[in-house]
Each structure stands twice: as structure tokens, then as C-alpha cells.
Amino acid sequence: MAKSLAGKVCIVTGASRGIGKGIALQLGTAGATVYITGRTLKKKDDDPVGGSLEETADEVKARGGKCIPIQCDHSKDEDIKNLFDRVSQEQNGQLDVLVNNAYSGVQILAENFGTPFWELDADFWDEINNVGLRNHYICGVFAARLMVPRKQGLIINVSSAGGLSYLFNVAYGIGKEACDRMAVDCAKELRKHNVAFVSLWPGVVQTEMINHFLKSKTYENNREVTLLKKAIENGETPEYTGICVARLAADPDIMKKTGRILIAADLGREYGFTDVTGQQTHSLRELGYILSFLTGNAIFLKWIPSFLRIPYWILSLQGNKF
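Keep in mind the model is a prediction, meaning the values are calculated, not measured. (Residues numbered from 1 in each chain as written. Predicted model: local features only at pLDDT ≥ 70, side-chain atom pairs only at ≥ 80, totals over all residues. Heavy atoms only, no water.)

A. Fine view of the sheet that holds strand β3 (residues 66–71). Spatially, seven strands are ordered β3-β2-β1-β4-β5-β6-β7 in an open sheet, and the strand pairing comes out parallel. Here the strands that pair on one side only, and so sit at the sheet edges, are β3 and β7 (261–263). Taken pair by pair, the neighbouring strands of this sheet meet at an average axis angle of 20°, ignoring direction. As paired elements, strand β2 (residues 33–38) and β3 share six bridges and run parallel to each other. When the bridges of β3 are listed, Y35 appears paired with I68. (Pairing = 2+ DSSP bridges. Helix = DSSP H or I, 4+ residues; strand = E, 2+ residues; numbered from the N terminus. Axes fitted to C-alpha atoms, helices over the stretch in contact; angles between N-to-C directions.)

Structure below.
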């Protein structure tokens, strides 16, 4: 993948740490010019989790890439408009890839884990789905305005299996399913302009924020959190999602995937790559992975072959509403 994206211009939202940072690192390594956004521009010594745009940009540059950090609050429409205006001006209207990854709800999700929706304040919805959903749509609008005239481009919503069935809480699941539906419906209108729109489901990712909250004693007796901790041990690094995005961006047949939900681990097998650790990640379709996650016993991953998988049509039945 070395320099396979040379000459490409990308925007990755929410890239001060976590999945967004992993995506920025891989796009930069592949030769793209990467604009990264987030609220934290400079390192904060009092932040227990850490991460800033300047730190991400420095890591991209250390790998020989080009990265431009832009402080942007994705809950503010004017900030979003200014972001795309700047990219358009600096790159003569060129934008090849937009990755909608910004998400401001991780902390409030963790703080209210297990709380039913009727016991939460009404603004909980906004905390989860303003940046994590509404912003994605707005960014998609501005990106399409640059991509459609050039008859090329790729927009990716970073979503999750929470869009298929209940996960964490009501607002989270609704938001993720809406992200998936957004990709499908936008792709329908963009197809004739040769612009692709997909939704990407990473697996269980070892992000700084998730690891920070899982270390909290608040959840030490919670069964769901215990299972999540076990899954994290065999989880993906943030850069695995980055490799997925870089491969999709370099795929000359990307229009064959437009309007679809793509599972990160399945892309690894399709394109033939592993995580940066050398580990082959596990798809949520794998029988061994499913049994391992449900029981907290990794032995199923060792003894059940990875090719034993649930077909997509059976997986989709989990979200059946009829």
C-alpha cells in the first residue's frame, strides 16, 4: 500500500485519538494529504485519556505523510462549513475521501451504562447523535458538493453492529442504524455521479477511551462489561480500521461496494491484510468468535475454523422488524 494514495485528499473527522487517529495514520502512510479534525488541538497534560490533533499530525509526518490538523467542533454548523471551505480553497476543489468518524458520546455512554432511556435527560439524545449522526449528514452534504462535479469520491460512515440490534442503549443503536441507512440512501443518489458511500463496522477496537473506562472499578461486577473486556484482549487496533479505509480508497472497483455495510474483519480477508500487530482479526460472522464473545472463553477461537461463518442474510435477520 506504500504511497498508493499519492495525490489524494482526505478528511478524517474526530482524529485526535482512537479510530480516527488510526485512520489518519494509515491514509498518511499511503501517501494521501490528510486533513484531521477534532476539538483538542494541543496536548493537555490534565487529560487522563490523552490525544490531540497536533500529536496525531506529528505521528503522520514522522511516517513521511502529510497531515493538516484543523480544530473543529462538529456540533457547530459554522465550524463544519469553514472546514470544507478551507479544504476546497487549499486543494482547488479536490476532495477524494471523507471519513465520518467524529463522536462525542463515549464518555456519557460509559457514565450511564445500564440506565434505561426514560431515566435519562432529554439532552442525552443530542450528546449521542448530534455529532455522531447529524454532523455526519452535514459533512456528507459538503463533501458531495466537492465530489459530484469531479465525478469521483468516497464517503465512509464509521458505524457499528449496534445498528443491527440493541447495543449499549436506545440512543446509541438508533444513531448507528441511521448512519447505516444514511450510507445506503445517499449512495443511491450519488451512484450516477460515480461517488461511493459506505458504512464501515470495525470490530471491538482497543481505543484509548474504551481502555480507560474498562479499567474503572464502577463496572467490575457487570457481566456485559466483563465480556467486553475479554473481547478487547483479542480486539483490533485503531490502525486496522485505518488499513480498511486505505484499501477502500485505493480500490478501483469501489463502486461495486457503494451503498453497503462493510465489516472490517471481512475486508481484511478480502483484501488480504492483517492488523499492524500481525494478528488476523475476527469477524462478528465467525461462529468461533460469536461463541467466544458470548461465553468469555477464547478456546472457541482456537478450535473452530474461521471459515465457519454465518451468511450475511442470516446476520441481517437479527435486525428484522417484521
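B. Main features of the environment of I263. Its location among the elements puts I263 in strand β7. Judged by its relative accessible area of 6%, I263 is buried. Residues I263 and E55, 208 residues apart in the sequence, show an inter-C-alpha distance of 28 Å. Here I263 is in contact with W201, S283, L284, R285, Y312 and L315, once residues within four sequence places are set aside. (Buried < 20%, exposed > 50% of the residue type's maximum accessible area, 1.4 Å probe, protein only. Contact = heavy atoms within 4.5 Å.)

C. Representation of the packing of aromatic side chains. Under the definition given, this model contains six aromatic pairs. Ring centres of F117 and W118 lie 5.3 Å apart, and the angle between their planes is 85°; this geometry places the pair in the edge-to-face category. Each member of the pair, F117 as well as W118, is classed as exposed. Judged by centre distance (4.9 Å) and plane angle (70°), the ring pair of F168 and Y172 falls under edge-to-face. Relative accessible area serves as the criterion here: at 33%, F168 is assigned to the partly exposed category. (Phe/Tyr/Trp six-rings, centres within 6.5 Å; stacked < 30°, edge-to-face > 60°.)

D. Examining the layout of surface pockets more closely. Put simply, the second largest pocket is a space of about 400 Å³. Taken together, 16 residues make up the lining of the second largest pocket; nearest its centre are L164, D180, W201, I261 and S316. Looking at the lining of the second largest pocket, the elements with two or more residues in it are α6 (170–190), β7 and α13 (312–316). Per element, the largest residue contribution to the lining of the second largest pocket is four residues, and it comes from α6. Residues that form the lining of the second largest pocket fall into these classes: seven nonpolar, four polar and five charged. (1 Å grid on protein atoms, 1.4 Å probe; cavity = no way out; pocket = protein on both sides within 12 Å on 5 of 7 lines; lining within 4 Å. Points joined across faces, edges and corners; volume = space filled by probe spheres on them. Nonpolar A, V, L, I, M, F, W, Y, C, P; charged D, E, K, R; others polar.)

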